[in-house]
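Remarks on the overall topology
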Number of protein chains: 2
Amino acid sequence: MSFFEAHRARLEQAVEACRSRSYWSAYPEVASGKIYGETAKADGEAAFKALLGKPFDLGDGGTRQVGREVSPFGMALGITYPAADPDVLIESAIKAGESWARASIEDRVGVCLEIVERINRQSFLIANAAMHTTGQAFMMAFQAAGPHAQDRALEAIAYSYDEMIRVPRTANWSKPQGKGDPIVLDKSFRIVPRGVSLVIGCATFPTWNGYPAIFASLATGNSVIVKPHPGAILPLAITVKIGREVLKEAGFDPNVLTLAPDEADAPVAQELAAHPGVAIVDFTGSPAFGQWVRENSATGLVFTEEAGINAIVIDSTDDFRGMCSNIAFSLSLYSGQMCTAPQNIFVPAAGIETNDGHKSYDEVASAIGSAIDRLLGDPDRAANILGTIQNEATAKRVDAARKLGRIVRDSAPVPVAGFDQARTASPLLLAVDAKDDRAWGEERFGPIAFVIRTESTGESIALASQSARRKGAITASLYTTSDAVIDDAADAFARAGVALSVNLTGGIYVNQSAAFSDYHVSGANPAGNACLTDSAFVANRFRVAPMRRQKAA
Amino acid sequence: MSFFEAHRARLEQAVEACRSRSYWSAYPEVASGKIYGETAKADGEAAFKALLGKPFDLGDGGTRQVGREVSPFGMALGITYPAADPDVLIESAIKAGESWARASIEDRVGVCLEIVERINRQSFLIANAAMHTTGQAFMMAFQAAGPHAQDRALEAIAYSYDEMIRVPRTANWSKPQGKGDPIVLDKSFRIVPRGVSLVIGCATFPTWNGYPAIFASLATGNSVIVKPHPGAILPLAITVKIGREVLKEAGFDPNVLTLAPDEADAPVAQELAAHPGVAIVDFTGSPAFGQWVRENSATGLVFTEEAGINAIVIDSTDDFRGMCSNIAFSLSLYSGQMCTAPQNIFVPAAGIETNDGHKSYDEVASAIGSAIDRLLGDPDRAANILGTIQNEATAKRVDAARKLGRIVRDSAPVPVAGFDQARTASPLLLAVDAKDDRAWGEERFGPIAFVIRTESTGESIALASQSARRKGAITASLYTTSDAVIDDAADAFARAGVALSVNLTGGIYVNQSAAFSDYHVSGANPAGNACLTDSAFVANRFRVAPMRRQKAA
């Protein structure tokens, strides 16, 4: 059975899920031996350890060895990866792309589905790789870099497939000519890929943010060069290795998918992006480099996820404790290093009404601080939620942020069992006034949050949505018992292109974005120009070349 | 009945036609009194004449009067149009866009469909307006600027509608939690327009090339500023006027659709395109200005149709006379001023096999020349096919081109009954060698064509497809009796992003591109970065703003 037929049912479910946007998931997020095999956890860890301290074999044409990843948990990985010169890499991608471009939609989509399937089987290996590059705690690394990222890949494949099959392969065109014979043309339509697609990855969610672009570009027939963040190469190297194996098995040149590893002091992303041989650029990373990529890529076809400043607006609640706990978790998860994590919590100066009676501004702030303390009271649980700090610069940012406001809850290191050298920091919570926008008006990536005193909920919504328009935002969260406030916020945040969550108090958090349901990033504010995943993310990755032939009358 | 309900059946047919790409047309191309009303032709002409020599009333806030259109048939139109400063125009478009953005998909699409319907009723007025700006003969102006353009508008509306309704309005998201209660979220998804859309029109097909962008942007909720070519304002001014009337009737601020007229020596397109208030730019025109627009627009969302060099490859034929007649018509129609018109005719030096026996290179060239003479032998018919030369520069280009090769057939003026001052030129046909690419390798817009002597059909295909990759091309045409040659050409032109027509000998021409069936421009070579119309043309004109709300358990 072909790869396509083997995975067809799952593909069709995925297409349907993208349409309905109800809950659906292909890859189980539970790291259970019953699902992944009783030895999967141990096998994954062993496989990871076997990679440490050695050159990584990608079976490609790289000539130099690069790579200096250091786990935020403390140890250097000691893995090097073969690197080729950009010109060589692009040349080989173009060459490999010729037969890939000519393959049928089904053959290409089948290969992509098989790659994701095999990646899924390596979820525990990828979890270890992600843990020791992103610094996420193991369970989060498993879910975010494993099944959740695989769902995102499948979502992108489903969108690509659906978009390509919307173009008919043939058409019979018969134009009436009054009493005469009709003019008849046989038409056919061919999907033409763009060429070489460059995917520039990030350090915090290398697979989750990279897979949509990788698989959308592959499915639509482009060759893909993956340029991982120098601090998080391994998860994408494993991905590329698996992809190359499947491509080869299916009879394609494995250089359809290659890796362009680099080191922080000898970066290659700019040379690749500015190369005229690159037709598509996908980027996840900082707004500063995002701007460079948008302005300097040789191609006009650039998809970015940059960054923003996410807000929580607190107006009122009928579950004060649930609200504070929910916010505490959102601030703590992966130490605030998610592009969806909130930074700014807007609270009216007059306080709010709750099921526990009126709470003053100060009471709200300290209740959130206490909820964080409660959540992180147990050191093991704390370590499992917070993980570590991916980048030294983030740790320094936390230190520098203390002077930006009144400290409601201070940040502190958190011990991680077994990793004495882990770089950690729990959330820093600061109280500031609305006018202190030099503090809260900038993105402060990491476990840094502000409780901002405003005149009213109206001002809170206005400040949060204006900030989103100016600096970007991916998420917003609202707590209110008033439908009118929900309507106002829905209008303001929709116009600012921000995904709004309302009254989350249970086991779901504003940080979470589900494949097949939540549109991640709107593309409508500076947080990014594209969405994971919608039609616009895939439709321009290929073009249509028509042919028409006069039919003998 | 709402506008949407009134036109719903037609919309659904249009959506289906876009999918099947079989023949379909909503607006009859036959300029018949039985269809458009017995007095429609006379009424249209009278309405046109009533506009001449006066300020055009758009009912907008323009403060200056601009406009110096001169008919290529000889007379100055003497019409002026109200012009506003770019800042004022953009401000009013933003303001008007607020309620337009909030309108339902159905309300917006209904308004768009009604506008096209009313434009259709004014097809004879628009035909006169197009004739005396583009310089097309009346019948062509009627079809291309009238019903064909209206079909293109409907196609863009259908794509926009289909794309928007692919996003569900609500979803119930219920995530199982093992033995516990599921997590349930009520989700809703809102279509968020980009903002202000600028459509920069061209002089040769102002409505046909402008309508897709205008209606795709309107349907998806954006305000539209139409910046017509200074030489062809009237057809778009009539369009905007009708649009504003319908918007007003439907209760919207008519400034959702405004005109930004200018004069050649005081252009406003650059100021508008570079304005940060403009979110989408659509451009049809020269590659030089197209490049400026792509590189300097404030927004990254730019759709262009620029220009290319279209080729005919002649390998062999079983209908030599039909082939020559067909090519002659393609070269003559609107004096080669179509973006789809061929310029380069590649013929092997050894000649070709035909149903009339072997024909040498010279015989092929002179047979095409003779076919042009035959086609244009009757002066009335000649005038009806050729129309006039829109731009003085094109006439000069024809004169200058004579020295580029051996003249097979010379260009000459053609009398137009009733218009002594008409600027006309029949096709110039030159014989050159493949190595004379300084002659044929540049776009020579207008009635200028080359018969290029190549070593072989293989070289013909290679040269034509390489030229398309380098300089752009929208169409290619092939004559051959060999399926292998068809396959080779299909591969080469598809990879170059060129729409290929094979063995056209009857009443259909390579220049013609049908709405709902032919994808016009691939977006895959320098002839343009977008296609009329596909998903990619509409999908990025709006974004999705999600909202999710925790449901009480």
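Before reading on, note that the structure itself is shown above.
Residues numbered from 1 in each chain as written. Chains lettered and ligands numbered in written order. Predicted model: local features only at pLDDT ≥ 70, side-chain atom pairs only at ≥ 80, totals over all residues. Heavy atoms only, no water.

Within chain A one finds 20 helices and 19 strands. At 25 Å, chain A has a C-alpha radius of gyration in line with the 24 Å of a compact globule built from 553 residues. Along the first, second and third principal axes, the C-alpha set of chain A runs to 85 × 65 × 45 Å. When each of the 553 residues of chain A is scored for burial, the buried share is 63%. At a minimum sequence separation of 6, the contacts of chain A that also span at least 24 residues come to 74%. (Helix = DSSP H or I, 4+ residues; strand = E, 2+ residues; numbered from the N terminus. Rg over C-alpha atoms; globule rule 2.2 N^0.38 Å. Buried < 20%, exposed > 50% of the residue type's maximum accessible area, 1.4 Å probe, protein only. Contact = heavy atoms within 4.5 Å.)

Glancing now at the relation of the copies chain B and chain A. Once chain B has been moved 0.0 Å along the axis and rotated by 180°, it coincides with chain A to within an RMSD of 0.0 Å. One copy is carried onto the other by what is essentially a two-fold rotation axis. Minimal C-alpha distance to the rotation axis in chain B is attained by A536 of chain B, lying at 3.1 Å. Interface overlap between copies is the fraction of interface residues in one copy that are interface residues in the other; for chain B against chain A it reaches 100%, indicating a shared surface. (Least-squares fit on C-alpha atoms with pLDDT ≥ 70 in both.)

In this section: the nonpolar core. Core analysis: the largest hydrophobic core is formed by 279 residues, its most contacted members being F215 and I314 of chain A together with F215 and I314 of chain B. Every residue in contact with F215 of chain B, bar those within four places of it in the chain, is listed here: C112, I115, V116, I119, A153 and I157 of chain B. (Core = buried A, V, L, I, M, F, W, Y, C linked by side-chain atoms within 4.5 Å.)

All names here are of chain A. Taken in spatial order, the five strands line up as β7-β6-β5-β8-β9 in an open sheet, and their pairing is parallel. In this open sheet, the two strands that pair with only one neighbour each are β7 (257–259) and β9 (302–305). When the angles between neighbouring strand axes are averaged without regard to direction, this sheet yields 15°. In this structure, strand β8 (residues 278–284) lies alongside β9, joined through four bridges in parallel fashion. The residue bridging D282 from the neighbouring strand is F303, located in β9. Contacting β6 (223–227) and β7, helix α10 (residues 234–249) crosses the sheet at an angle of about 150° to β7. Against the sheet, helix α12 (residues 287–296) engages β5 (196–200), β8 and β9, with an angle of about 165° to β8. (Pairing = 2+ DSSP bridges. Axes fitted to C-alpha atoms, helices over the stretch in contact; angles between N-to-C directions.)

Residue and element names in this part refer to chain B. Between helix α18 (residues 457–471) and helix α19 (residues 483–495), the least distance of the axes is 9 Å, while the angle of their chain directions is 15°. When the axis of α18 is compared with that of α19, the two are roughly parallel. Relative to α19, α18 is oriented so that their crossing is right-handed. Contacts between α18 and α19 involve T457, I461, A464, S465 and R469 on the former and, on the latter, V485, D488, A489, A492, F493 and R495. Residue composition of the contact of α18 with α19, by class: six nonpolar, two polar and three charged. (Parallel < 35°, antiparallel > 145°, perpendicular 65-115°, else oblique. Left-handed = near helix turned anticlockwise from the far one by under 90°. Nonpolar A, V, L, I, M, F, W, Y, C, P; charged D, E, K, R; others polar.)

Residue and element names in this part refer to chain B. Sheet analysis places strand β3 (residues 170–177) next to strand β4 (residues 180–193), joined by seven bridges and oriented antiparallel. Of the residues in β4, the one forming a bridge with S174 is V184. Turn length for the β3-β4 hairpin, with the two strands adjacent in sequence and antiparallel, is two residues, and the turn residue G178 shows positive phi of about 60°.

Our focus in this paragraph is the packing of helix α1 (residues 3–20) of chain B against helix α5 (residues 105–121) of chain B. All names here are of chain B. Packing of α1 against α5 leaves a shortest axis separation of 8 Å and a crossing angle of 75°. By the criterion of interaxial angle, the relationship of α1 to α5 is roughly perpendicular. Along the contact surface, α1 presents F3, F4, H7, R10 and L11, while α5 presents E106, V109, G110, V111, L113, E114, E117 and R118. A breakdown of the residues in the contact of α1 with α5 according to their chemical character gives six nonpolar, two polar and five charged.

Let's shift gears to the interface of chain B and chain A. Contacts between chain B and chain A engage 69 residues on the former and 69 residues on the latter. Of the roughly 5900 Å² buried between chain B and chain A on both sides combined, carbon and sulfur atoms contribute 51%. The largest per-residue losses of area from chain B upon contact with chain A belong to Y23, R166 and R548 of chain B, which jointly make up 14% of the total buried on that side. The interface formed by chain B and chain A contains 16 salt bridges. A salt bridge links D518 of chain B to R548 of chain A; the nearest nitrogen and oxygen atoms lie 2.9 Å apart. At the surface where chain B touches chain A, the tally comes to 46 residue pairs in polar contact (both at pLDDT 80 or more). Counting residues per element, the ones that place at least two in the side of chain B that touches chain A are α1, α8 (147–165), β3, β4, α19, β18 (499–502), α20 (535–539) and β19 (542–550) of chain B. Counting residues per element, the side of chain B that touches chain A draws most heavily on β19 of chain B, at eight residues. Class assignment of the residues belonging to the side of chain B that touches chain A gives a composition of 32 nonpolar, 18 polar and 19 charged. Relative to β19 of chain B, strand β18 (residues 499–502) of chain A runs parallel, the two sharing three bridges. (Buried area = accessible area lost by both parts, 1.4 Å probe. Salt bridge = Lys/Arg side-chain N within 4 Å of Asp/Glu carboxyl O. Polar contact = N/O pair within 3.5 Å; in protein donor to acceptor, adjacent residues only side chain to side chain.)

Enumeration over the complete set of coordinates arrives at zero disulfides over all chains. The structure places no disulfide on C202 of chain A, whose sulfur is separated from the nearest cysteine sulfur, that of C339 of chain A, by 7.8 Å. Among the cysteines around C18 of chain B, which has no disulfide bond, C531 of chain B carries the closest sulfur, lying 11 Å off. In this structure C18 of chain B comes out as buried when scored by relative accessible area, which is 5%. (Disulfide = S-S within 2.5 Å.)

Turning our attention to helix α18 (residues 457–471) of chain A. Residues and elements named next belong to chain A. In a regular helix each residue adds 1.5 Å, so 15 residues correspond to 21 Å; α18 covers 21 Å between its end C-alpha atoms and thus fits that length. For α18, the full list of buried residues reads T457, S460, I461, L463, A464, S465, S467 and A468. Packing partners of the buried residues in α18 comprise β10 (310–314), β12 (342–348), α17 (437–440), β16 (448–454) and α19 (483–495). (Expected span 1.5 Å × (residues − 1).)

Residues and elements named next belong to chain A. A complete count under the given rule lists 68 salt bridges over all chains for this structure. In this structure, the salt-bridge partner of D410 is R402, at a minimum N-O distance of 2.6 Å. D410 gets classed as partly exposed once you look at its relative accessible area, which sits at 35%. Relative accessible area serves as the criterion here: at 25%, R402 is assigned to the partly exposed category.

What follows deals with the sheet that holds β3 of chain B. Taken in spatial order, the 10 strands of this open sheet run β14(A)-β15(A)-β16(A)-β12(A)-β10(A)-β17(A)-β18(A)-β19(B)-β4(B)-β3(B), and their pairing is mixed. The sheet is open, and its two borders are formed by β14 (406–409) of chain A together with β3 of chain B, each paired with just one other strand. Each neighbouring strand pair of the sheet contributes to a mean axis angle of 25°, computed without reference to strand direction. The pairing of β10 of chain A with strand β17 (residues 475–479) of chain A spans four bridges and is classified as parallel. From the neighbouring strand, V313 of chain A faces β17 of chain A, where its bridge partner is L478 of chain A.

Our next topic: the environment of Q136 of chain B. Residues and elements named next belong to chain B. With respect to the helices, strands and loops of the structure, Q136 is situated in the loop between α6 (123–134) and α7 (138–145). Q136 gets classed as buried once you look at its relative accessible area, which sits at 1%. When the C-alpha atoms of Q136 and L234 are compared, they prove to be 14 Å apart, with 98 residues separating the residues in sequence. Apart from residues lying up to four places away in sequence, Q136 is in contact with F73, M131, A141, A144, T204, F205, Y334 and G387. A distance of 2.8 Å separates a polar side-chain atom of Q136 from the backbone oxygen of T204.

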